[in-house]
Amino acid sequence: MRNQKLLVRIVALVLATCAITSNACPKSDQIAPPDFAWWREARFGMFVHWGLYSEAGSVWKGHFLPGWSEWMLNRKKIPPAEYYAELMPRFDPADFDANAWVLAAKNAGMKYIVITTKHHEGFANWPSAVSDQDIAATKFGKPIAEGGRGRDPLRELADACEVHGLKLGFYYSLLDWAHPDYLPRREWDARPIDGAQYARYTQFMRAQVKELLDGRYGKIAVLWGDGDWEHGAREHTSDEIVAMARALQPGILVNNRWAQPGDYATPENLIPDAMLDRPWETCMTLNGSWGYARDDHDFKSAPAVLQNLADIISKGGNYLLNIGPDGRGRIDPESLEVLAGIGRWMQTHSSSIYRNGHADLPVPEWGRWTMGTNQEGRTTFNAHLFSPPKSGLIRLDGVIDDPIAVRVLGGEFAAPTFRREGPDLIVKLDPSVLGAIAKASAHSVIAFDFASQPRIMTAPKILGDDRMFVGTTTVRFAAPPTGAMIHVTTDDSQPSINTLAIQANAQGEFAIVLDQTSTLRARTSWQGNMSDAETAITFTRSELSPAKACGDRVGLDARVIAGTFEIVPANDAFSGSTQRSVIESVAIPVGVPADRYAIQIRGMIDVPASGVYRFEIASDDGSELWIDGVLVINNGGLHGATPKVGDIALAIGCHDLDVRMFESVGTEALVLRWRLPMTTNFAEIPVQAFRH
Ligand code: GLC
């Protein structure tokens, strides 16, 4: 263990120098990919918000402010100097006991901790060589020789995590209300902005992130950025920071709040309705604040948290549940009680949590399904019964194989028996089991063990996401479970057992060819039984939009108008523009006002082959993409830079291009990418493709 730690430190030290000199850095293909294995197994982690705001507890000048305590400086419009003068001398978390925190997490079944190292207030929780607003400037962190306690909470936490076998991650805020170079300045902050340089702030950020990851705290599993919304990735130097993190901590996971997509999404205080198409983690407060808030006693209950956990895992996500220790370093008794309740349930139910994920079964009315596979390949479907059905019936529709065991987790009950109705498995819980479940302190789980992954008659899956075609198209299906068949209609009628089943072709693919616009409906059958689950998708045959003579100049015409917009302005709105320029590609031209403007970018786009092009536009705020007079993407409205896609069939050669976008206030962004016909990835559009 020790040697390993030493090795990590040495490697990290070598890599740390590379971040400054840059030439000794590992090449990107030598950088370890993000390590999701532990994260997927873990599923459940603890978020800790802890900074100067914890000392205030949302109380300023004797008044309690409901809501997020870590935002107090901003919400009360407190000048940073005053905030620091009040809270720094008071901050002395003498009762901080890293082992107690880590054990509280561990006993609740959490496998990792992500702690705020610096929140928006700007205070560093660790002795930072590049900041005076850090723990070393408080009584707690000052050397003993200078009358302090000489303690470093991150050091203590890292050690405790190592002892108790939890992974550690660091939250770091890009936003900084106190740093003299951070801009924009809040309007109540009287410090002059003359001389403030954002580039110097990013240098400071890089130095701080390096301190956190250079190995002094051992292995760090996650870098959790936040507060990225006031600047774009380029200004934040996100690429550099993330590359440094990956070099210093091979396998580290980076979240999506570095003004870039990162490795995973972080829905905040909400659980998505369905699976997301990328790894994700919901972070959630336990009461109404992230940081300690003295008078907020509105805590979620352990059963509510456990239902959230099951809901999240059923959709393939992770759950990062927050606690806010106070300024003395203590976790309040109410949070501890909830954590203990979670832990009691986890003792007997964690097999339905760890290593579990989405189960390919319809979402039941009574709760959620999670599915786990153990090392030997045994697969368990876990029925999380939030509100057990009065009938006592639990159905696994379309599960063809029989379970080897059915168990009530943690219960003293006889194993329920199952019966089969065609392709459906049915379990009936008898009244005594239902009665016991009703009395349990949190939701019950029934586990269905299968010797291996059981065959399920799900709705047939169509491979690929092309929905528009030119001429003919081949629609491919994922192979059905052995012994099952796929029945497909192309005229929007419901497939029945008499509908012809598709056979595997010579390549072993299940495919059909379409030559006209068709709504395809497909169901699976097994031994004469049709599944209820159906796939229905319309494929549109389109004509190629003809090409035109290309303009002879490269680049695009940009026109800017100032004004407050909430929708994408029409073409005519730009006729009065006095700010015109030629730009290389679709991007925000230099010299636009900071806020409140709209731009139109016109010219031609030269496409290298005939076929269906998919375009993706990410803009903040709204935008529209028009090609040959057709609205291909409508990404209108006020929003952040979420990408939106649209398809159009284009003949090889040049086509009219018209991109319009408006920016209200805050972050601005405009990125247009394309996916060439018959390919699967989006790519940057080369500048040679643009003409005017
Ligand atoms: C936010 C808030 C913040 C909190 C975080 C957690 O962006 O600004 O206070 O730390 O989300 O997700």
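Parameters and conventions
Residues numbered from 1 in each chain as written. Predicted model: local features only at pLDDT ≥ 70, side-chain atom pairs only at ≥ 80, totals over all residues. Heavy atoms only, no water. Helix = DSSP H or I, 4+ residues; strand = E, 2+ residues; numbered from the N terminus. Rg over C-alpha atoms; globule rule 2.2 N^0.38 Å. Buried < 20%, exposed > 50% of the residue type's maximum accessible area, 1.4 Å probe, protein only. Areas by Shrake-Rupley, 256 points an atom, 1.4 Å probe, with all protein chains shown as cover. Axes fitted to C-alpha atoms, helices over the stretch in contact; angles between N-to-C directions. Parallel < 35°, antiparallel > 145°, perpendicular 65-115°, else oblique. Left-handed = near helix turned anticlockwise from the far one by under 90°. Contact = heavy atoms within 4.5 Å. Nonpolar A, V, L, I, M, F, W, Y, C, P; charged D, E, K, R; others polar. Pairing = 2+ DSSP bridges. Domains from an automatic or database assignment. Buried area = accessible area lost by both parts, 1.4 Å probe. Salt bridge = Lys/Arg side-chain N within 4 Å of Asp/Glu carboxyl O. Polar contact = N/O pair within 3.5 Å; in protein donor to acceptor, adjacent residues only side chain to side chain. Arc of directions from axis to C-beta. Near = heavy atom within 4 Å. 1 Å grid on protein atoms, 1.4 Å probe; cavity = no way out; pocket = protein on both sides within 12 Å on 5 of 7 lines; lining within 4 Å. Points joined across faces, edges and corners; volume = space filled by probe spheres on them. Core = buried A, V, L, I, M, F, W, Y, C linked by side-chain atoms within 4.5 Å. Phe/Tyr/Trp six-rings, centres within 6.5 Å; stacked < 30°, edge-to-face > 60°. Lys NZ or Arg CZ within 6 Å of the ring centre and 35° of its normal.

S.K.: Summarise the overall build of the chain; cite the residues concerned and give the values.
M.R.: Scanning the chain for helices and strands turns up 13 helices and 34 strands. Here the C-alpha atoms of the chain give a radius of gyration of 29 Å, agreeing with the 26 Å that 2.2 N^0.38 yields for 692 residues. The principal-axis extents of the C-alpha atoms in the chain amount to approximately 85 × 80 × 50 Å. Buried positions account for 53% of the 692 residues belonging to the chain. About 30300 Å² of surface is accessible on the chain, with carbon and sulfur atoms providing 53% of the total.

S.K.: Please set out the packing of helix 6 (residues 98-107) against helix 7 (residues 153-164) residue by residue, giving values where relevant.
M.R.: It is at 8 Å that the axes of helix 6 and helix 7 come closest, and there the two elements cross at 45°. Here helix 6 lies oblique to helix 7, going by the angle between them. Of the two elements, helix 6 crosses helix 7, and the hand of that crossing is right-handed. Between helix 6 and helix 7, the residues in contact are Ala98, Asn99, Trp101, Val102, Leu103 and Lys106 and Glu156, Leu157, Ala160, Cys161 and His164, respectively. When its residues are assigned to classes, the contact of helix 6 with helix 7 shows seven nonpolar, two polar and two charged.

S.K.: Give me the lowdown on the sheet that holds strand 27 (residues 611-620), citing residues and values where you can.
M.R.: Pairing within the open sheet is antiparallel, and its four strands lie in the order 30-27-32-33. The open sheet has two free edges, formed respectively by strand 30 (643-650) and strand 33 (683-684), since each of these has just one partner strand. The pairing of strand 27 with strand 32 (residues 669-675) spans seven bridges and is antiparallel. Its bridge partner lying in strand 32, Ser619 is registered against Leu670.

S.K.: Can you break down the domain arrangement of the chain residue by residue, with the values?
M.R.: According to the domain assignment, the chain consists of domain 1 (2-352), domain 2 (359-450), domain 3 (468-541) and domain 4 (556-691). The straight-line distance from the C-alpha centre of domain 1 to that of domain 2 is 38 Å. In this assembly, 13 residues from domain 1 lie in contact with 14 residues from domain 2. Taken together, the two surfaces of domain 1 and domain 2 that pack against each other cover about 1100 Å², and 62% of this comes from carbon and sulfur. Connecting domain 1 to domain 2 are one salt bridge. For Asp311, the salt bridge is made with Arg368, and the minimal N-O distance between the two is 2.8 Å. Remark: the boundary between domain 1 and domain 2 carries four residue pairs in polar contact (both at pLDDT 80 or more). Where the side of domain 1 that touches domain 2 is concerned, the elements lending two or more residues are helix 11 (302-314) and helix 12 (333-349).

S.K.: Give a description of helix 5 (residues 80-87) that names residues and reports values.
M.R.: By the burial criterion, the buried members of helix 5 are Pro80, Tyr83, Tyr84 and Leu87. An end-on view of helix 5 places all buried positions within 90° of arc, on one side of the element. Away from its buried face by more than 90 degrees, helix 5 exposes Ala81 and Ala85.

S.K.: Requested: an account of the site of the ligand, with residues and values cited.
M.R.: In the vicinity of the ligand lie 15 residues, with His49, Glu70, His119, His120 and Glu268 positioned nearest. The side chain of Trp71 places a nitrogen or oxygen atom 2.8 Å from an oxygen atom of the ligand. A distance of 2.7 Å is found between an oxygen atom of the ligand and a side-chain nitrogen or oxygen belonging to His119. Counted by class, the shell around the ligand contains eight nonpolar, three polar and four charged residues.

S.K.: Tell me about the layout of surface pockets, and please be specific about residues and values.
M.R.: In this structure, the largest pocket encloses a volume near 2500 Å³. In this structure, the largest pocket is lined by 50 residues; those nearest its centre are Ala259, Ala618, Ala641, Ala669 and Val671. Put simply, the parts of the chain that give the lining of the largest pocket at least two residues each are helix 9 (233-236), helix 10 (238-248), strand 27, strand 32 and strand 33. Considering each element in turn, the lining of the largest pocket owes the most residues, five residues, to strand 32. Counted by class, the lining of the largest pocket contains 25 nonpolar, eleven polar and 14 charged residues.

S.K.: Tell me about the packing of helix 8 (residues 198-213) against helix 10, and please be specific about residues and values.
M.R.: Where helix 8 contacts helix 10, the two axes come as close as 10 Å, and the packing angle between them is 15°. Comparing the axis directions of helix 8 and helix 10 gives the class roughly parallel. The element helix 8 and its partner helix 10 pack so that their crossing is right-handed. Where helix 8 abuts helix 10, its residues Met205, Arg206, Val209, Lys210 and Leu213 lie against Glu240, Ile241, Met244, Ala245 and Leu248. Across the contact of helix 8 with helix 10, the residue classes break down as seven nonpolar, no polar and three charged.

S.K.: Residues and numbers for the side chain of Ser128, please.
M.R.: Topologically, Ser128 is positioned in the loop between strand 4 (112-118) and helix 7. Its relative accessible area of 5% is what places Ser128 among the buried residues. Side chain to side chain, Ser128 and Gln208 meet in a polar contact 3.1 Å long. Excluding its chain neighbours within four sequence positions, the residues that come into contact with Ser128 are Asp134, Gln208 and Glu211.

S.K.: Describe the nonpolar core, with residues and values.
M.R.: One finds Ile113, Leu213 and Ile342 to be the most contacted residues of the largest nonpolar core, which totals 93 residues. The leading source of residues in this core is helix 8, at seven residues. When we break this core down by domain, the ones giving at least three residues each are domain 1 (2-352) and domain 2 (359-450). Residues Leu625, Leu650, Met661 and Ile685 belong to the second largest nonpolar core, which totals 29 residues.

S.K.: Which residues make up the packing of aromatic side chains, and what values do they have?
M.R.: Counting across every chain of the model gives 32 aromatic pairs. With a centroid separation of 5.9 Å and 15° between ring planes, the pair formed by Phe44 and Tyr319 is classed as stacked. Here the residue Phe44 occupies a position in strand 1 (residues 44-48), and Tyr319 occupies one in strand 9 (residues 318-323), the gap between them amounting to 275 residues. The pair formed by Phe44 and Tyr319 is uniform in burial state, with each residue classed as buried. Put simply, the rings of Trp50, Phe91, Phe96, Trp101, Phe123 and Phe140 pair up and form one aromatic cluster. Just above the ring of Tyr354 sits the side chain of Lys111; from NZ or CZ to the centre is 4.5 Å.

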